Amino acid sequence: MPSPLPAAIEVRGLTKVFDRKRERGWKALRRAPKERITAVDHVDLAVEEGELFGLLGPNAAGKTTLVKVLATLLLPTEGTGTIAGLDIVKDADAVRQKVGVVLGGDRALYWRLTARENLWYFSQLYNMPDAPARKRIDELLGVVGLTDRADERVENYSKGMKQRLHIARGLLHDPSILLLDEPTIGLDPHAARSLRALVRDLVDQHGRTVVLTTHYMYEADQLSDRVAIINKGRIVACDTPAALKLRHAQGLVYLVEARGPVEDALRKLPGVQLLGAVPSEAGGMTYRLRAPDAAQDRIAGELAEAVQQSKGTLLGLRREEATLEDVFVELTGSGLREERGGDEDE
Ligand SMILES: Nc1ncnc2c1ncn2[C@@H]1O[C@H](COP(=O)(O)OP(=O)(O)OP(=O)(O)O)[C@@H](O)[C@H]1O
Ligand SMILES: [Mg+2]
């Protein structure tokens, strides 16, 4: 059997601890005890070549820190990582050739220059010879869908167009692996959707390996071949979205929309777990409930009866597929506290 290629990314026990001094005046600062923050906590991961790998987690989970360590922008405190078989500490220069990185809130573009001029400028930082650089820039403008607007100043670009240009910049040196930190943050739903299509294309049409961080569970679910869920610096689960939902959010999710004091009765049904409740448009509440698989035949009837017996009015009842949010709640006991930004209309 041929020996397998090294994984695109392989990480063992990777840990990043920050020392943070509490800021309380000059003297206090010098004497203040250091606060240690373990941003990335003994992470093990393997990303295969040609994979679109999602890193899903809430604020402060350690997503950006992990990306920065992989991109050789931060040194790990402990543990090891390789990219295409190269060590992220010892072979950092070679790793940088293999990896393109676009950080969330990236501002490294010159707004007075056009997209083409920006890419030209960065190509010169990489010492690319003139003719190949021009060819590459033309190609990349096409890949990210900016050919028609390439000679406009970036200051007139929409957020989505700027993000596309950031991605083009990240691809200039032709890296096989692209690290994207929260690529759709701040984009409107339309721009977010089209950027997700671009990211998918980079993997499917252009043969890249992409690691993408997000706190939008919808984005991780729709886009990723595999997802690692990260919370407080630790990977709590890693698999395909479908397998994660099957394993950690078993059972059926029901949405019960009702008016009246029905919550207690719903909670008390055997095996039923209340996942959440939000006000509904019709002036009632929509309860999100999980019921065991075994209850499938009878649960809808039981839910309706519980509403009736507690003198409530049933406004609607439907079954829904579990989401990665449900998986996250199951694994961590808390929600992702997701802003609906990128996925509003999905
Ligand atoms: N340079 C730093 N110095 C001290 N602490 C840091 C530093 N960078 C990050 N941290 C801390 O490490 C933890 C993880 O931060 P990180 O930015 O990696 O999270 P994140 O998952 O990217 O969050 P977000 O979704 O908000 O971007 C946080 O508690 C953060 O305050
Ligand atoms: Mg971040």
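**As for the site of ligand 1**
Taken together, 13 residues lie near ligand 1, and F18, A39, K63, T64 and T65 sit nearest. Secondary structure elements with two or more residues in the shell around ligand 1: β1 (9-21), β2 (34-47) and α2 (63-70). Counting residues per element, the shell around ligand 1 draws most heavily on α2, at three residues. For the shell around ligand 1, the residue count by class is five nonpolar, six polar and two charged.

**Side note on the sheet that holds strand β14 (residues 313-320)**
Read from one edge to the other, the open sheet built from four strands follows the order β12-β13-β11-β14, with strand pairing classed as antiparallel. Strands with a single pairing partner mark the edges of an open sheet, and in this sheet they are β12 (273-279) and β14. The mean inter-strand angle of the sheet, taken between neighbouring strand axes irrespective of direction, is 20 degrees.

**What to know about the environment of V203**
On the secondary structure map, V203 appears in helix α7 (residues 189-204). In the structure, V203 is positioned 101 residues away from V102 in sequence and 16 Å away in space, judged by C-alpha atoms. Apart from the residues within four sequence positions on either side, V203 is in contact with G50, L52, R208 and V210.

**Remarks on the nonpolar core**
With 84 residues, the main nonpolar core has I9, L70, L179, V210 and I229 as its most contacted residues. Counting the residues that make up this core, at least three belong to each of domain 1 (9-246) and domain 2 (251-321).

**Remarks on the packing of helix α4 (residues 115-125) against helix α5 (residues 130-143)**
At a minimum axis distance of 10 Å, the contact between α4 and α5 shows a crossing angle of 135 degrees. Looking at the two axes, α4 sits oblique to α5. Crossing of α4 against α5: the hand is right-handed. Taking contact as the criterion, the partners of A115, R116, L119, W120 and S123 in α4 are, on α5, A133, I137, L140 and L141.

**Describing the domain arrangement of the chain**
If you check the domain split of the chain, you get domain 1 (9-246) and domain 2 (251-321). Spacing between the C-alpha centres of domain 1 and domain 2 amounts to 41 Å.

**Quick word on the sheet that holds strand β10 (residues 234-239)**
The six strands are arranged β6-β7-β8-β3-β9-β10 in an open sheet whose pairing can be described as mixed. Looking at strand neighbours, the two that pair on one side only are β6 (99-102) and β10, the edges of this open sheet. Taking the axes of each pair of neighbouring strands and ignoring which way they run, one obtains an average angle of 15 degrees across the sheet. Sheet topology places β6 next to strand β7 (residues 177-181); four bridges connect them, and they run parallel.

**Here we look at helix α9 (residues 241-248)**
The complete set of buried residues in α9 reads P241, L244 and K245. Looking straight down α9, one finds its buried side chains confined to an arc of 95 degrees; they lie on one side. Where the residues of α9 are buried, they touch α8 (217-223), β9 (226-231), β10 and α12 (324-332).

**Some points on the pairing of strand β13 (residues 285-291)**
Bridge count for strand β11 (residues 252-259) against β13 is seven bridges, and the pairing is antiparallel. Bridge pairing in β13 places V253 opposite R290. Looking at chain direction, β12 and β13 are connected through six bridges and run antiparallel. What sits directly across from L274, in β13, is L289. Counted between consecutive antiparallel strands, the loop separating β12 from β13 contains five residues, among which G283 sits at a positive phi close to 90 degrees.

**Regarding unusual backbone geometry**
Even without glycine at this site, D174 takes up a positive phi of about 60 degrees. Positive phi, close to 60 degrees, is recorded for K311, a residue that is not glycine. One can find K311 in the loop between α11 (299-309) and β14.

**A short note on the packing of helix α6 (residues 159-171) against α7**
Running from N to C, α6 and α7 point in directions that differ by 20 degrees, and their axes come no closer than 10 Å. Here α6 lies roughly parallel to α7, going by the angle between them. Note on packing geometry: the crossing formed by α6 with α7 is right-handed. On α7, the residues that touch K159, G160, Q163 and R164 of α6 are A191, S194, L195 and L198. Considered class by class, the residues forming the contact of α6 with α7 number three nonpolar, three polar and two charged.

Cut-offs used in this document
Residues numbered from 1 in each chain as written. Chains lettered and ligands numbered in written order. Predicted model: local features only at pLDDT ≥ 70, side-chain atom pairs only at ≥ 80, totals over all residues. Near = placed C-beta within 6 Å. Helix = DSSP H or I, 4+ residues; strand = E, 2+ residues; numbered from the N terminus. Nonpolar A, V, L, I, M, F, W, Y, C, P; charged D, E, K, R; others polar. Pairing = 2+ DSSP bridges. Axes fitted to C-alpha atoms, helices over the stretch in contact; angles between N-to-C directions. Contact = placed C-beta atoms within 7 Å. Core = buried A, V, L, I, M, F, W, Y, C linked by C-beta atoms within 7 Å. Buried ≥ 20, exposed ≤ 12 C-beta atoms within 10 Å, placed from the backbone. Domains from an automatic or database assignment. Parallel < 35°, antiparallel > 145°, perpendicular 65-115°, else oblique. Left-handed = near helix turned anticlockwise from the far one by under 90°. Arc of directions from axis to C-beta.

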